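Residue-level structural notes
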2 protein chains.
Amino acid sequence: MGNDNRSREIAELMRRRIAGMRAGERLPGVRALAAEYRASAATISSALSSLTVLGLVRAEPGRGTFVAGQERMPESDFSWQSQALGRVRVDADRASRLGSYGTPEHLPLSWGYLSPELQPGEELRRIGSRAARSGQGWGMTPPAGSPELRRVLAAEYRAEPSDVLVVSGGQQGLVFALRTLAEPGAAVITESPSYPGAILAAQSAGLRLSAVPADDDGILVDRLADELERTKARVVYLQPSCANPTGAVLSARRRAQVLALASAHGAFIVEDDWARHLWLDRSAPDPLFAEDPDGHVVSVLTLSKPVSPSLRLGAILARGPAGARLRASRTADDLCVSPLVQEIALELLSSSAWPRHLRRLRAALVGRREAMADAIRSTLPDVRLPRIPSGGLHLWARLPEGLDSAEVSAAAYAAGVLVGDGRHFFVDEPPAPHLRFSYGAATGPQITEGIRRLAQHL
Amino acid sequence: MGNDNRSREIAELMRRRIAGMRAGERLPGVRALAAEYRASAATISSALSSLTVLGLVRAEPGRGTFVAGQERMPESDFSWQSQALGRVRVDADRASRLGSYGTPEHLPLSWGYLSPELQPGEELRRIGSRAARSGQGWGMTPPAGSPELRRVLAAEYRAEPSDVLVVSGGQQGLVFALRTLAEPGAAVITESPSYPGAILAAQSAGLRLSAVPADDDGILVDRLADELERTKARVVYLQPSCANPTGAVLSARRRAQVLALASAHGAFIVEDDWARHLWLDRSAPDPLFAEDPDGHVVSVLTLSKPVSPSLRLGAILARGPAGARLRASRTADDLCVSPLVQEIALELLSSSAWPRHLRRLRAALVGRREAMADAIRSTLPDVRLPRIPSGGLHLWARLPEGLDSAEVSAAAYAAGVLVGDGRHFFVDEPPAPHLRFSYGAATGPQITEGIRRLAQHL
């Protein structure tokens, strides 16, 4: 392994050297290189073979190793593609923000995931290496997921294992649920503001998204009733247990009303239950899924949020023919989720490290939430926090009237601070300027420093 | 680790025991269970806590552990879903065959992947455990993939790293490429017969697929010209380097003609290059991608085929605005491919084990191909093999007129033999009865025995 690292270093050094050479030029022999880089011939050979794989050099047996030529194609003409591609569906600007985590130098005051020190890194490495070594992660699982993992996930939702479909993270779950439940071009309703990933998922599925305002108790049900009537939408996307970005929780009264509306209109509720494991002050509300016998609620859950964005694992829970259709269509989209990733998730959820991780995580998030709210209140007096959420990772902040959230977030980015531009949380024009802050991705000192820098730009 | 295995065994035994108990019944105490199962109290506690996670028992501190009650919901009424779901897009029967690998008792004479002993299992376990332990697999990568992996994959295609988009396997790549390049409802053309996964991908994307006949030299170009004219399709799906199921290779003359047609009609060619690493008798033909400067060809490649179906990794190669759109839309669909899986793929492709694996694999596949062709010729005289392909994993077999491939494959299944029903390779009604055999998934003795059993049903 030491040799592997050394040969990688040497390969990197040689890559730089080759960049300054002409195609067809001969490299020194292995012995000369070994002397030059103070490495064994085996290490040099290994470095050379990795450069060969990269197409940077070409070995000619008996003659030596040569700098590979860039085979030039005729100049490209892509102009025809503009006609062939048709209209853009996915809003590239919003999409780039979803995947964006700046440079390592940026202070991450907005990202929907946990900073590395909050992730159960040691457990992932331990469980991961065991799963990979055991061979357990190298068999196939059925397209709907490993039976054991489906059982564990079902238990968390008091669902049947057969209702569970394992997917590669919550975002894939959203896109797949929306585009399987709704036909292309169909109407879908969401609360407003809403999660940019869901707006993008609807765009990707070719759906028409309309937005219904929400307040502290969640989506306004009379407006939802109007919109269901007007659009004939058969899919409503909600985050009832903790809305991103506002932290609003659908009240008990409205939960019942929303379910009654779904029943009256024959509609699905896609319940994005992303914050299930991120409740801080009390235990999480029950999922809407658990209150609905008739299969109106299709829930999407994620392990990427409470564990690590690199653990690409989530699930869709759905009952009735909708569940059957989702599971049957799944094979056509993606044969199955990496069995290794499924095995790691199963081992993590079943181990005693899991409740320990959640306890530690919640305590840390409570501290960061307070630190961030305090810093905003004391350092940014013109910025208003309408609500301190009981769960999740975010603070939704209202900017003074007249400010442009795009400009503020761009200035912050230039000053090395990532904040969420509130625009991306609205389907169309934002009704007021907002920023979204996240207290899960930054440490205490990063939070203080980020807010301080932001104050210079407000 | 020994304890973990033991506690899993005990959990399994207890699960069976609980199945025979009533909800609310009390389990014996930890000491009594420890005596009964001859295990330590810690092992028993660990088994009990895994049953708690599964929702099968409920611990009441100070009182004991009780069999959990199945909380019954009111009886479900899913009838409304039939109206809400609208028409079925993905053909569930075809989809179930794609993901189907029978039971462990079935002789796998049709599956598009390698049998376990042909997979580089030891290397995957070694590289996998190292990647998981190193923490390298637990950071995030950009949505388009890890820069190093993109570089290595680009080198295999003489493409630019920036043209590469890493995806979770070839099937995901197909669906994503088709539905991003074509608008829902648009026409797409494929050769006939064609890969069922591609037919399903087009269905999943909501596209209208039309089929153009192919012969030994690939798709008939005059027919393709007619169909492009008639349907105004802007996407053509092909497997030019080795068609599944027939093994046909697009001739040099037709390659040029197909590219000229794409240029004349302003169309994309989605090149499914699944057999790149599975060429047996000579080196693989160049990808069509390498001959096209103007970005007509969008290639989809896979590592799941030459490595293991459990390594869910593939890539899309695309140039120009189409490449940009694919990469921008990707974030909306799936934040990124599991970084751990990407790291494993990178390490495997860069190691000296990779060429060694491919050499060993090709030698083994040549042997199995001959064994299977010989067995079919000697044991099934009425079955005709029009072609022994130079690459890939499959033999395409013509059944005598009048036989129904669905009935033959169902009878074979009942007799414990998996063979591919030729119907699934045609967009609509099959013009003749065929079976698809695969020599990659079965051992020599399995091949002989499978063909022998099949003979009894023909």
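Residues numbered from 1 in each chain as written. Chains lettered and ligands numbered in written order. Predicted model: local features only at pLDDT ≥ 70, side-chain atom pairs only at ≥ 80, totals over all residues. Heavy atoms only, no water.

1. Points about the sheet that holds strand β8 (residues 235–238) of chain B
All names here are of chain B. Strand order in the open sheet formed by eight strands is β4-β11-β10-β9-β8-β5-β6-β7, and the pairing between neighbours is mixed. Strand pairing shows two members of the sheet lacking a second neighbour, β4 (164–167) and β7 (218–219), which therefore form its edges. Contacts from helix α8 (residues 170–181) reach β4, β5 (187–192), β8, β9 (268–272), β10 (297–302) and β11 (314–317), with the element oriented near 160 degrees to β10. Packed on one face of the sheet, helix α10 (residues 221–231) meets β5, β6 (208–215), β7 and β8 and runs near 165 degrees to β6. (Pairing = 2+ DSSP bridges. Helix = DSSP H or I, 4+ residues; strand = E, 2+ residues; numbered from the N terminus. Contact = heavy atoms within 4.5 Å. Axes fitted to C-alpha atoms, helices over the stretch in contact; angles between N-to-C directions.)

2. Side note on the packing of helix α14 (residues 353–379) of chain A against helix α16 (residues 444–455) of chain A
Pairs of packed helices are described in terms of their axes, by the angle between the two and the distance that separates them. Residues and elements named next belong to chain A. Where α14 contacts α16, the axes come no closer than 10 Å and their chain directions differ by 25 degrees. Relative to α16, α14 is oriented roughly parallel. Here α14 and α16 pass one another in a crossing that is right-handed. Facing Arg368, Ala371, Met372, Ala375, Ile376 and Thr379 of α14, the residues of α16 in contact are Ile447, Ile451, Arg452 and Ala455. Of the residues that constitute the contact of α14 with α16, the class distribution is seven nonpolar, one polar and two charged. (Parallel < 35°, antiparallel > 145°, perpendicular 65-115°, else oblique. Left-handed = near helix turned anticlockwise from the far one by under 90°. Nonpolar A, V, L, I, M, F, W, Y, C, P; charged D, E, K, R; others polar.)

3. What about the relation of the copies chain B and chain A?
Superposing chain B onto chain A takes a rotation of 180 degrees combined with a translation of 0.0 Å along the rotation axis, leaving an RMSD of 0.1 Å. The relationship between the two copies is best expressed as a two-fold rotation axis. When C-alpha distances to the rotation axis are compared across chain B, the minimum falls at Ser129 of chain B, with a value of 1.9 Å. Comparing contact sets, 100% of the residues at the interface of chain B also lie at the interface in chain A, consistent with an isologous, same-surface contact. (Least-squares fit on C-alpha atoms with pLDDT ≥ 70 in both.)

4. Quick word on the interface of chain B and chain A
Each partner contributes to the interface: chain B provides 106 residues, whereas chain A provides 106 residues. Taking both partners together, chain B and chain A bury about 8,600 Å²; carbon and sulfur atoms supply 58% of that area. Area buried by chain B at its contact with chain A is led by Trp80, Leu85 and Trp138 of chain B, which between them contribute 9% of it. Counting every contact that joins chain B to chain A gives six salt bridges. One salt bridge connects Glu347 of chain B with Arg8 of chain A, and the closest N-O pair in it is separated by 3.1 Å. Sorting elements by how many residues they give to the side of chain B that touches chain A places helix α12 (residues 320–333) of chain B first, with nine residues. (Buried area = accessible area lost by both parts, 1.4 Å probe. Salt bridge = Lys/Arg side-chain N within 4 Å of Asp/Glu carboxyl O.)

5. Description of the domain arrangement of chain A
Structurally, chain A comprises domain 1 (2–67), domain 2 (94–118 + 355–455) and domain 3 (122–348). Measuring from the centre of the C-alpha atoms in domain 1 of chain A to the corresponding centre in domain 2 of chain A gives 46 Å. (Domains from an automatic or database assignment.)

6. Regarding the sheet that holds strand β12 (residues 394–398) of chain B
All names here are of chain B. If you walk across this open sheet you meet the three strands as β12-β15-β14, and the pairing is antiparallel. The sheet is open, and its two edges are formed by β12 and β14 (420–421), each paired on a single side. Of the pairings in the sheet, the one linking β12 to strand β15 (residues 434–438) comprises five bridges and is antiparallel in character. Bridge pairing in β15 places Leu395 opposite Phe437.

7. Looking at the environment of Ser405 of chain B
All names here are of chain B. Relative to the helices and strands, Ser405 resides in helix α15 (residues 405–414). Along the primary structure Ser405 and Pro430 are separated by 25 residues, whereas in three dimensions their C-alpha atoms are 9.5 Å apart. Ignoring anything within four residues of it in the chain, the contact list for Ser405 reads Leu399, Asp421, Gly422, Arg423, Pro433, His434 and Leu435.

8. As for empty space enclosed by the protein
Where empty space is left in the structure can be found by rolling a water-sized probe over the atoms. Inspection of every chain in the model, using the stated rule, returns 11 cavities of 30 Å³ or more. In this structure, the largest cavity occupies an estimated 150 Å³ of space. In terms of lining, the largest cavity is formed by 14 residues, of which the most central are Gln172, Arg179 and Asp333 of chain A together with Gln172 and Asp333 of chain B. The set of elements that each furnish at least two residues to the lining of the largest cavity consists of α8 (170–181) and α12 (320–333) of chain A together with α8 and α12 of chain B. Residues belonging to the lining of the largest cavity are distributed by class as follows: four nonpolar, two polar and eight charged. (1 Å grid on protein atoms, 1.4 Å probe; cavity = no way out; pocket = protein on both sides within 12 Å on 5 of 7 lines; lining within 4 Å. Points joined across faces, edges and corners; volume = space filled by probe spheres on them.)

9. Observations regarding the pattern of salt bridges
Considering all chains together, one arrives at 54 salt bridges over all chains under this definition. For Glu12 of chain A, the salt bridge goes to Arg16 of chain A, with nearest N and O atoms at 3.6 Å. Pair noted here: Glu12 of chain A and Arg16 of chain A are both in helix α1 (residues 2–19), with a separation of four residues, about one helical turn. Residue classification places Glu12 of chain A among the partly exposed positions, given a relative accessible area of 29%. Owing to a relative accessible area of 58%, Arg16 of chain A belongs among the exposed residues under this scheme. A salt bridge links Glu449 of chain A to Arg453 of chain A; its shortest N-O distance comes to 2.8 Å. With Glu449 of chain A and Arg453 of chain A both in helix α16 and four residues apart, this pair spans about one turn of that helix. Shared partners join several salt bridges into a network, and the residues in it are Glu12, Arg15 and Arg16 of chain A together with Glu148 and Arg151 of chain B. (Buried < 20%, exposed > 50% of the residue type's maximum accessible area, 1.4 Å probe, protein only.)

10. What about the nonpolar core?
One finds Leu224, Leu313 and Ile344 of chain A together with Leu224 and Ile344 of chain B to be the most contacted residues of the largest nonpolar core, which totals 102 residues. Setting aside its immediate chain neighbours within four residues, Ile344 of chain B contacts Trp138 and Leu340 of chain A together with Leu124, Ile127, Gly128, Ala131 and Leu311 of chain B. (Core = buried A, V, L, I, M, F, W, Y, C linked by side-chain atoms within 4.5 Å.)

11. Looking at helix α16 (residues 444–455) of chain B
All names here are of chain B. Between the first and last C-alpha of α16 there are 17 Å, a value that for 12 residues agrees with the 16 Å anticipated at 1.5 Å per step. Three or more residues of α16 are buried, namely Ile447, Gly450, Ile451 and Leu454. All buried residues of α16 lie within an arc of 95 degrees about the axis, which places them on one face of the element. Of the exposed residues in α16, the ones pointing more than 90 degrees away from its buried face are Pro445 and Thr448. In this structure, the buried residues of α16 make contact with β3 (107–108), α14 (353–379), α15, β13 (417–418) and β15. (Expected span 1.5 Å × (residues − 1). Arc of directions from axis to C-beta.)

12. Here we look at the environment of Ile451 of chain B
Residue and element names in this part refer to chain B. Topologically, Ile451 is positioned in helix α16. Ile451 sits 63 residues away from Ile388 along the chain, and the two C-alpha atoms are 17 Å apart. Residues within four places of Ile451 in sequence aside, it is in contact with Leu109, Ala375, Ile376, Thr379, Leu380 and Phe437.

13. Some thoughts on the packing of aromatic side chains
For the coordinates displayed, the defined rule picks out eight aromatic pairs over all chains. Their ring planes at 45 degrees and their centres at 6.1 Å tell us that Trp396 of chain B and Phe426 of chain B sit as a pair that is tilted. Of this pair, Trp396 of chain B sits in strand β12 while Phe426 of chain B sits in the loop between β14 and β15, placing them 30 residues apart in sequence. Judged by relative accessible area, which is 7%, Trp396 of chain B ranks as buried. Through a chain of ring-to-ring contacts, the aromatic side chains of Trp396, Phe425 and Phe426 of chain A assemble into a single cluster. The ring of Tyr113 of chain A carries Lys305 of chain A above its face, with NZ or CZ at 4.4 Å from the centroid. Between the NZ or CZ atom of Arg319 of chain B and the centre of the ring of Phe289 of chain B, over which it lies, the distance is 4.1 Å. (Phe/Tyr/Trp six-rings, centres within 6.5 Å; stacked < 30°, edge-to-face > 60°. Lys NZ or Arg CZ within 6 Å of the ring centre and 35° of its normal.)

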